[in-house]
Amino acid sequence: DGENAWYGVIEPAVLQEEDAFFVEIMGGAVCFNKTSCEDTWLGAWMGITSILKEKLHLDDTYVDFLKSGADIPLSMLATLKPGWLPWADTHPYAGRRGVYFPTCTADVSIGRHNVTYEDGYTAYHHGG
């Protein structure tokens, strides 16, 4: 939907590995024509705000905070469980800082790219 990409900085409750960090790139669904881009499940992935509101049922305040670029306590995301983040002390990344990139339709890899499919539908894959 043309929405800009964003990221979050993940801070562990207890920093155990000061010189180590992880990068979580959350891939999304694939959109390849009007039908898939407007599908009730796949279409939500065309914009990260729609994912957060429609699929995770977050309110505007929560969404705005997540998109602010502020440090996000891991405990705040624990109930949502997006991506492969260190929810438990036994996780290989436990005790590390991290950066989280929700990428909607995996468009963080292609930058800003508008596509008009054969059926005339235009998708805005804007990953940054």
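Structure's up top.
Asker: Give a detailed account of the overall build of the protein chain, specifying residues and quantitative values.
Answerer: In terms of regular secondary structure, the protein chain is built from four helices and six strands. Seen in sequence order, the protein chain has helices and strands lined up from the N terminus as β-β-α-α-α-β-α-β-β-β. Looking at the protein chain as a whole, 41% of its 128 residues are labelled buried. For the protein chain, the accessible area works out to roughly 7300 Å², and carbon and sulfur atoms hold 54% of it.

Asker: Give a description of a nonpolar patch on the surface that names residues and reports values.
Answerer: There is a patch of nonpolar side chains on the surface, built from Phe 21, Val 23 and Ile 25 and spanning about 310 Å² of accessible area. Classification of Phe 21 by relative accessible area gives exposed; the value is 57%.

Asker: Before we move on, could you go through the nonpolar core and cite the residues and values that matter?
Answerer: If you look at the biggest cluster of nonpolar residues, it comprises 14 residues, and the most contacted ones within it are Ile 10, Leu 52, Leu 58, Leu 66, Ile 72, Leu 77 and Leu 85. For this core, the secondary structure elements donating two or more residues are helix 2 (48-55), helix 3 (60-66) and helix 4 (74-77). For this core, the leading source of residues is helix 2, giving three residues. Among the nonpolar cores identified, the runner-up in size contains five residues, and Cys 37, Val 115, Tyr 121 and Ala 123 belong to it.

Quick notes on the rules
- Residues numbered from 1 in each chain as written.
- Predicted model: local features only at pLDDT ≥ 70, side-chain atom pairs only at ≥ 80, totals over all residues.
- Heavy atoms only, no water.
- Helix = DSSP H or I, 4+ residues; strand = E, 2+ residues; numbered from the N terminus.
- Buried < 20%, exposed > 50% of the residue type's maximum accessible area, 1.4 Å probe, protein only.
- Areas by Shrake-Rupley, 256 points an atom, 1.4 Å probe, with all protein chains shown as cover.
- Patch = residues over 30% accessible without salt bridge, like charges linked within 9 Å, V, L, I, M, F, W, Y side chains within 5 Å.
- Salt bridge = Lys/Arg side-chain N within 4 Å of Asp/Glu carboxyl O.
- Core = buried A, V, L, I, M, F, W, Y, C linked by side-chain atoms within 4.5 Å.

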